[in-house]
Amino acid sequence: MSSDPSSVENGAQHNKGFDPSPETVSHTKESELDKKLRLKYERINKRPKWDNQLEFLMSCIATSVGLGNVWRFPFVAYQNGGGAFLIPYIIVLIVVGKPMYFLELALGQFSNSNSIKVWSLSPALKGTGYAQAIGGAYIVSYYVSIIALCLYYLAMSFSSTLPWALCDPSWDNCVPSGQSVNASQIQGNATSSAELYFTKVVLRQSKGIDNGIGLPLWDLTLCLLASWLIIFIIVARGIKSTGKASYFLALFPYVIMIILLVRAVTLPGAVNGILFFITPEWSKILEIKVWYAAVTQVFFSLSVCSGALLMFSSYNNFDQNVYRDAMIVTTLDTFTSLLSGFTIFGVLGNLAYELNYDDVSQVIGTGGTSLAFISYPDAIAKSPIVPQLFAVLFFLMMAVLGVGSGVALLSMINTVLLDAFPSVPTTLMSASVCVVAFLIGLVYVTPGGQYILELVDFYGGTFMRLFSAIAETIGVFWIYGLENLTIDIQFMLGRTCSFYWRICWSIITPVLMIVVFFYAMITTERLKFGGTYDYPEAAYIAGNCLQYFGIAMVPIFIIAALWKYRSKSIVETVKTAFRKKPTYGPVDIQKRKEWQEFRANAKHNRQMQRKGWIQHIFIILFRGYQR
């Protein structure tokens, strides 16, 4: 929780009653610094801005409230005992999710930088930004294939009879989803036509990938192409176009969610599913793997540590109230996850009733996208009034949710590349990234595509993001300094950070993530698709390569920074590598001068009040020097 090494900007203003900072540089270096600041200001000033604050808020909602709430959250809860998962999830949301969300919005807005350039606050940890960008690229590679499935179902929803509502004659022990079946008519365990349609007709899913994943399926390939075209159209002009689309992407899904919730809770047996969802198995709460699932779900759902939030907030005006925005989005995200959970588990309860299962946990045997593409379609097929209408609305909603998050992740990659190559037109960069991502995404629309999706999600979308989050918290709060950050936020927003934020940022958030990370690294078993299928050895090797490639960015850039700033003194080398750059801070020249003076006064106040290390740490953790 360092506070002194970078407390005052090089060239800080003199203050009454104390000498200039020892970090004051020579006139020559000041001139070089002024030149760097001027060039940075000119570069940042060319970046677009949100047309209004509401566009930013809507974009954050569209990003965080996505398929992770409808597809991933119910499945993770389902895997971890239903109601037993809710308590760890809500606790993690309060002590990890909200603090991390507010942190990233504040950092991006304060520095006007993307997830990589923001690390001028501690250059040695620049690899953290690259790790997050790589993780975001992994996620968007398979995320759009889920949107493609939504478009496929959307097209099929216009059929005179929903194709998943009836059983094909070749399907054994099949129960038609579009008909109510008397439980006494079913002998043994049966499978709904919605599940069989998804695995046999849509995915044409193979029994494994030991002999390869197969060739891309032409119909799903067209859907994937359409998905990428939609995303390209939205991101082609940068935030000028994404901001306008955010209103529809953020608000439309809620209308459909409420309609489907009403439909789900009125189905026979729905109560049993909802009770399974909200009734905790207390023994599960003590399992670290449940907490690991809660942490990774919060990260996935809120899109923290993916670079997207830093990117969006970097286009804000300096005084945007990101504290308010963070509270709105994180609360709304939780509400949406619970809303989706009630709907999904209401349908699962109905499926258990229809299929004559004793326990809701027995309903779905396969993992991944099954809950979203089996339980919802099953409920829709049972609708007595125009099921096609419900199907069209639902899959349109799913596609919209997916596009909202996909746009954010692609925009993050675009921003990183455009900041590195500012001369390249935004449209050309967007087109290039979309084409490459489409070609990579073809692996997910093969008969073995779902196996690859699970593999990439497990190795690239969860474990690696948790590692980068730990590096981020250590870099910001323990190296840049908790007190330094709170002073920056106070200058930017005019509000002090309470005990809750300070204790979460400095201790609870990083410690909880570190404990969960090491436990997961030690105890996590090999991934099994659907809980039963063992991948071939080459797949596990490939998964680990994806994972450790991103993780390796952090130590590689630390070593590179130590080499770059090497000197005769090892201590000075380390300090220089981890100390913030002179160019870090507000981009606006006048704001920067005010900030330098504000920090110099803060340092003076701290020196006047400080009496010892114990008292110093106590003040930083519980109230701060600036009250």
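Residues numbered from 1 in each chain as written. Predicted model: local features only at pLDDT ≥ 70, side-chain atom pairs only at ≥ 80, totals over all residues. Heavy atoms only, no water.

(A) Molecular detail of the overall build of the protein. A tally of regular secondary structure across the protein gives 23 helices and four strands. The buried share among the 627 residues of the protein stands at 60%. Taking the intrachain contacts of the protein between residues at least 6 apart in sequence as the baseline, contacts between residues at least 24 apart amount to 82%. Total accessible area computed for the protein in this model is approximately 24,800 Å², and 64% of it derives from carbon and sulfur atoms. (Helix = DSSP H or I, 4+ residues; strand = E, 2+ residues; numbered from the N terminus. Buried < 20%, exposed > 50% of the residue type's maximum accessible area, 1.4 Å probe, protein only. Contact = heavy atoms within 4.5 Å. Areas by Shrake-Rupley, 256 points an atom, 1.4 Å probe, with all protein chains shown as cover.)

(B) Main features of the nonpolar core. Ranked by internal contacts, the top residues of the largest apolar core, which has 201 residues, are Trp228, Phe299, Phe373, Trp505 and Tyr535. With 21 residues, the top contributor of residues to this core is helix 17 (residues 449–493). (Core = buried A, V, L, I, M, F, W, Y, C linked by side-chain atoms within 4.5 Å.)

(C) Spotlight on a nonpolar patch on the surface. A contiguous nonpolar patch, built from Trp218, Leu222, Leu225 and Leu229 and spanning about 440 Å² of accessible area, is present on the exposed surface. For Leu229, the location among the structural elements is in helix 7 (residues 218–235). Residue classification places Leu229 among the partly exposed residues on the basis of a relative accessible area of 47%. (Patch = residues over 30% accessible without salt bridge, like charges linked within 9 Å, V, L, I, M, F, W, Y side chains within 5 Å. Salt bridge = Lys/Arg side-chain N within 4 Å of Asp/Glu carboxyl O.)

(D) Examining the packing of helix 5 (residues 126–156) against helix 17 more closely. Running from N to C, helix 5 and helix 17 cross one another at 150 degrees; their axes reach a closest spacing of 9 Å. Our classification of the angle between helix 5 and helix 17 gives roughly antiparallel. Helix 5 and helix 17 meet at a crossing whose hand is left-handed. Residues Thr128, Ala131, Gln132, Ile134, Gly135, Tyr138, Ile139, Ser141, Tyr142, Ser145, Ile146 and Leu149 of helix 5 lie in contact with helix 17, whose contacting residues are Gln450, Leu453, Val456, Asp457, Gly460, Gly461, Met464, Arg465, Ser468, Ala471 and Glu472. For the contact of helix 5 with helix 17, the residue count by class is 11 nonpolar, nine polar and three charged. (Axes fitted to C-alpha atoms, helices over the stretch in contact; angles between N-to-C directions. Parallel < 35°, antiparallel > 145°, perpendicular 65-115°, else oblique. Left-handed = near helix turned anticlockwise from the far one by under 90°. Nonpolar A, V, L, I, M, F, W, Y, C, P; charged D, E, K, R; others polar.)

(E) Local environment of the packing of aromatic side chains. Here the structure, examined in full by the defined rule, presents 45 aromatic pairs. For the pair Trp50 and Tyr315, a centre-to-centre distance of 6.4 Å together with 90 degrees between the ring planes defines the contact as edge-to-face. With a gap of 265 residues between them, Trp50 in the loop between helix 1 (27–45) and helix 2 (53–64) and Tyr315 in the loop between helix 12 (308–313) and helix 13 (322–354) connect regions that are remote in the sequence. As far as burial versus exposure is concerned, Trp50 and Tyr315 are alike and both buried. Look at Phe491 and Phe598: their rings are 5.5 Å apart centre to centre, the planes differ by 50 degrees, and that puts the pair in the tilted class. Of the two residues, Phe491 sits in helix 17 while Phe598 sits in helix 22 (residues 589–609), which places them 107 residues apart along the sequence. Since its relative accessible area comes to 17%, Phe491 is described here as buried. Residue Phe598 is classed as partly exposed on the basis of its relative accessible area, which comes to 23%. (Phe/Tyr/Trp six-rings, centres within 6.5 Å; stacked < 30°, edge-to-face > 60°.)

(F) Focus on the packing of helix 4 (residues 83–111) against helix 18 (residues 499–523). The geometry of helix 4 relative to helix 18 is characterised by a closest axis approach of 9 Å and an angle of 110 degrees between their N-to-C directions. Considering their axes alone, helix 4 and helix 18 lie roughly perpendicular with respect to each other. For the pair helix 4 and helix 18, the crossing hand works out as left-handed. Residues Val92, Ile94, Val95, Val96, Lys98, Pro99, Met100, Phe102 and Leu103 of helix 4 touch helix 18, and the partners they reach there are Tyr500, Trp501, Cys504, Trp505, Ile508, Thr509, Leu512 and Met513. Classifying every residue of the contact of helix 4 with helix 18 by side-chain character gives 15 nonpolar, one polar and one charged.

(G) Representation of the confidence of the model for the protein in the model. With 89% of its residues at a pLDDT of 70 or more, the protein shows a mean pLDDT of 83. Within the protein, the element-level pLDDT minimum falls on helix 1, averaging 61, and the maximum on helix 7, averaging 95. (pLDDT = per-residue confidence, 0-100.)

(H) Focus on helix 15 (residues 387–420). The end-to-end C-alpha separation of helix 15 is 49 Å, in line with the 50 Å expected for 34 residues at 1.5 Å each. In terms of burial, helix 15 is largely enclosed, as 28 of its 34 residues are buried. (Expected span 1.5 Å × (residues − 1).)

(I) Summary view of the UniProt feature "binding site: Na(+)" (unreviewed entry) in the protein. Feature annotation in UniProt places "binding site: Na(+)" (unreviewed entry) on Val65, Asn69, Ser301, Leu401 and Ser405, given in this structure's numbering. A stretch of 341 residues holds the annotated residues, and the largest C-alpha distance among them is 11.7 Å, short enough that they meet in one place. For Val65, the location among the structural elements is in the loop between helix 2 and helix 3 (67–79). The residues contacting Val65, other than those within four sequence positions of it, are Tyr254, Asp333, Thr336 and Leu401. Here Ser405 lies in helix 15. (UniProt positions renumbered as here; feature names shortened; annotations may be inferred.)

(J) Structural detail: a positive patch on the surface. Residues Lys117, Lys126, Lys564 and Lys581 make up a contiguous surface patch of positive charge. Take Lys564: it is sitting in helix 20 (residues 553–564). Judged by relative accessible area, Lys564 falls into the exposed class, the value being 58%. (Lys, Arg positive; Asp, Glu negative; His and termini not counted. Charge placed at Lys NZ, Arg CZ, Asp CG, Glu CD.)

(K) Up close: the side chain of Asn350. Relative to the assigned elements, Asn350 resides in helix 13. Given the relative accessible area of 0%, Asn350 is considered buried. Here Pro268 takes part through its backbone oxygen, which lies 2.8 Å from a polar atom of the side chain of Asn350. Apart from residues lying up to four places away in sequence, Asn350 is in contact with Leu267, Pro268, Gly269, Ala270, Asp378 and Lys382. (Polar contact = N/O pair within 3.5 Å; in protein donor to acceptor, adjacent residues only side chain to side chain.)

(L) Quick peek at the environment of Tyr101. Summarising the element assignment, Tyr101 is placed in helix 4. Given a relative accessible area of 0%, Tyr101 falls into the buried group. For the pair Tyr101 and Met327, spaced 226 residues apart in sequence, the C-alpha separation works out to 8.8 Å.

(M) Structural context of helix 4. Its 29 residues place the ends of helix 4 41 Å apart at the C-alpha level, agreeing with the 42 Å of an ideal helix rising 1.5 Å per residue. Of all the bends in helix 4, the greatest, near 45 degrees, is centred on Leu93. Buried residues dominate helix 4, accounting for 25 of its 29 residues. Count one or two residues on from helix 4 and you reach Asn112, which has phi positive near 50 degrees. (Bend = angle between axes of the 7 residues up to and from the residue.)

(N) Up close: the pattern of salt bridges. Counted under the stated rule, the structure contains nine salt bridges. In this structure, the salt-bridge partner of Asp219 is Arg204, at a minimum N-O distance of 2.8 Å. Of this pair, Asp219 sits in helix 7 while Arg204 sits in the loop between helix 6 (193–202) and helix 7, and the two are 15 residues apart along the sequence. We note a salt bridge from Glu537 to Arg526, for which the minimum N-O separation is 2.6 Å. Linking Glu537 in helix 19 (residues 537–551) with Arg526 in the loop between helix 18 and strand 3 (528–529), this pair joins segments that are 11 residues apart in sequence. The exposure class of Glu537 is partly exposed, given its relative accessible area of 44%. By relative accessible area, Arg526 is classed as partly exposed at 48%.

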